[in-house]
Amino acid sequence: MRRLKSIGAFWYDFVVGDDWRVAVVVVVALALTALFVHAAGVNVWWLLPVCVFVGLGWSLRRATAGRRS
Amino acid sequence: MTALPLILTVFVACVVEAIEALTIVLAAGLTREWRSTFQGMAVALVVLAAIVAVLGPTITLLPLTALRLVVGALLAIFGLQWLRKAILRATGYKSLHDEASAYLREVAAAKAAAVSSRRGVSDWYAFTLSFKGVLLEGLEVVFIVITFGGNQRNMGAAVIGAAAAVLVVAVTGVAVRAPLARVPENAMKFVVGIMLTSFGTFWGAEGAGVSWPGHDAALLVLVPVVALVSLGYTVLLRQRPRAGLAAPVAHSSEEVAP
């Protein structure tokens, strides 16, 4: 069981890394993109890049917020 | 898309990982014993080759749309992790990766460890240090090779890029017999983060059903835009006053994240 947990922790760290929120932003943005494209027929090619930039900025802000003098 | 951008991206990403693996192998070989170090490296390379041999052909059998959605998402998340760390390093919020310090740390640990032989290996410490170092750094190479090769339906080109990177670093390492501390590794990690994020975003959105304006040519816009936004965040963070800069410290060989 412990070995299984450590394997899971390794792969989580490998792919998701330090900030899980970034992964959530990407997954939610892809789900919304698929929804817009397939359900509403709107080609929202810009949605994922915008979410990626916002997610990166948010993550950087969180990582550096406590370091202000 | 031609094979050249694919080969170049995989090459640069793999050079970074190969340099980190080389540091660990050199520390084990020069401090302990070369035979056990090479045995550990060889076993790790066999494991990595087996992973590519099994997963490579399997992944290309999946439908392209589903593959691009899943792999694009993974690549975007993985790439953003690289990019985030690269920006934090470039702005002093995170310690710079320093191969010389990493080497000295590994050497100190290798000198302190006792010699013991196990399972036909004369120096078990050198074997495991080399095996773990090559395997962990190599897993990132395998991930990049499989995702890029699978998505482009060109596993051969991805393997060529990775093999060329490993060969260049190995030959240089043998020639200088020292960690490649003068390679601009942190700048290269920044570039790799940009490339992984751009390709992941492109393929992920395509997999979700998007039709990019200009099709593959959209990447020629997306990559510079990701680079500009990343540089913009770097400039913004550099301008912010902060409590203190991080001192450069080495990575541990256990660390798998970029």
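Everything below is about the structure printed above this text.
Structure report, in brief. (Residues numbered from 1 in each chain as written. Chains lettered and ligands numbered in written order. Predicted model: local features only at pLDDT ≥ 70, side-chain atom pairs only at ≥ 80, totals over all residues. Heavy atoms only, no water.)

### Regarding the interface of chain A and chain B
Next up, step 1: In this complex, chain A contributes 36 residues to the contact, which on the side of chain B involves 42 residues.
Next up, step 2: Across the chain A to chain B interface the summed buried area is about 3,400 Å²; carbon plus sulfur atoms make up 73%.
Next up, step 3: A salt bridge links Lys85 of chain B to Asp18 of chain A; the nearest nitrogen and oxygen atoms lie 3.8 Å apart.
Next up, step 4: Where chain A packs against chain B, one counts four residue pairs in polar contact (both at pLDDT 80 or more).
Next up, step 5: For the side of chain A that touches chain B, the secondary-structure elements that each account for two or more residues are helix H1 (2-15), helix H2 (20-40) and helix H3 (47-65) of chain A.
Next up, step 6: A per-class count over the side of chain A that touches chain B returns 23 nonpolar, eight polar and five charged. (Contact = heavy atoms within 4.5 Å. Buried area = accessible area lost by both parts, 1.4 Å probe. Salt bridge = Lys/Arg side-chain N within 4 Å of Asp/Glu carboxyl O. Polar contact = N/O pair within 3.5 Å; in protein donor to acceptor, adjacent residues only side chain to side chain. Helix = DSSP H or I, 4+ residues; strand = E, 2+ residues; numbered from the N terminus. Nonpolar A, V, L, I, M, F, W, Y, C, P; charged D, E, K, R; others polar.)

### Let's talk about the packing of aromatic side chains
Next up, step 1: In the structure shown here, the tally under the stated rule is 10 aromatic pairs over all chains.
Next up, step 2: Residues Trp45 of chain A and Trp212 of chain B carry aromatic rings whose centres are separated by 6.1 Å and whose planes lie at 50 degrees to one another, so their mutual orientation is tilted. Here the residue Trp45 of chain A occupies a position in the loop between H2 and H3, and Trp212 of chain B occupies one in the loop between helix H7 (185-207) and helix H8 (219-239), the pair thus bridging two chains.
Next up, step 3: On the basis of relative accessible area, Trp45 of chain A is assigned to the partly exposed category, the value being 35%.
Next up, step 4: The buried category is assigned to Trp212 of chain B, whose relative accessible area is 4%.
Next up, step 5: Centre to centre, the rings of Phe78 of chain B and Phe143 of chain B are 4.5 Å apart; their planes meet at 55 degrees, and the pair counts as tilted. In this pair, Phe78 of chain B is assigned in helix H3 (residues 64-90) and Phe143 of chain B in helix H5 (residues 124-151), connecting sequence segments 65 residues apart. You'll find Phe78 of chain B and Phe143 of chain B in the same group, each marked buried.
Next up, step 6: Among the aromatic residues, ring-to-ring pairing joins Trp45 of chain A together with Phe202 and Trp212 of chain B into one connected group. (Phe/Tyr/Trp six-rings, centres within 6.5 Å; stacked < 30°, edge-to-face > 60°. Buried < 20%, exposed > 50% of the residue type's maximum accessible area, 1.4 Å probe, protein only.)

Shape descriptors only; they carry no functional weight alone.
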